[in-house]
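So the chains spell out like this:
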Amino acid sequence: MAWFILFVAGLLEVVWAYFMKQSAGFTRLWPSVITLTAMIGSFALLSWSMRVLPLGTAYTVWTGIGAVGAFLLGIIFLGESISPMRIAAAVLILSGLVLMRLSAAS
């Protein structure tokens, strides 16, 4: 269950990162409200998952989900550039997440 909660926390990190961009420096009300709400939820769920999972594992997976998710949303919805180097970086982050998950199982 802790892994599922951590995954949801990571997805909420993607949500708040995207809406922070949309808030234009917290000058737009609803994107700002969504950002702050998703932040609170993300931190709360991360904290909950850390009751069971080690700090390094939980934090690494949480930030990795956020990084890769924000990378993908930026490309899909914001027209950010895509290059072989950026894709390689995202693949390496995903590889690290998989290894972190596998190492926690042992």
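The structure under discussion appears in the preceding block.
Residues numbered from 1 in each chain as written. Predicted model: local features only at pLDDT ≥ 70, side-chain atom pairs only at ≥ 80, totals over all residues. Heavy atoms only, no water.

1. Some points on unusual backbone geometry
Even without a glycine there, the phi angle at Ala-24 is positive, about 55°. You can see Ala-24 is positioned in the loop between helix H1 (2-22) and helix H2 (29-49). (Helix = DSSP H or I, 4+ residues; strand = E, 2+ residues; numbered from the N terminus.)

2. With respect to a nonpolar patch on the surface
Together, Leu-72, Ile-76, Phe-77 and Leu-78 make up a nonpolar patch on the protein surface, roughly 390 Å² of accessible area in all. Residue classification places Leu-78 among the partly exposed positions, given a relative accessible area of 33%. (Patch = residues over 30% accessible without salt bridge, like charges linked within 9 Å, V, L, I, M, F, W, Y side chains within 5 Å. Areas by Shrake-Rupley, 256 points an atom, 1.4 Å probe, with all protein chains shown as cover. Salt bridge = Lys/Arg side-chain N within 4 Å of Asp/Glu carboxyl O. Buried < 20%, exposed > 50% of the residue type's maximum accessible area, 1.4 Å probe, protein only.)

3. Observations concerning the packing of H1 against H2
Where H1 contacts H2, the two axes come as close as 8 Å, and the packing angle between them is 160°. Relative to H2, the element H1 is oriented roughly antiparallel. Our pair here, H1 against H2, has a crossing hand that is left-handed. Contacts between H1 and H2 involve Ala-2, Ile-5, Leu-6, Val-8, Ala-9, Leu-12, Glu-13, Val-15, Trp-16, Phe-19, Met-20 and Gln-22 on the former and, on the latter, Pro-31, Ile-34, Thr-35, Ala-38, Met-39, Gly-41, Ser-42, Leu-45, Leu-46, Trp-48 and Ser-49. Across the contact of H1 with H2, the residue classes tally to 17 nonpolar, five polar and one charged. (Axes fitted to C-alpha atoms, helices over the stretch in contact; angles between N-to-C directions. Parallel < 35°, antiparallel > 145°, perpendicular 65-115°, else oblique. Left-handed = near helix turned anticlockwise from the far one by under 90°. Contact = heavy atoms within 4.5 Å. Nonpolar A, V, L, I, M, F, W, Y, C, P; charged D, E, K, R; others polar.)

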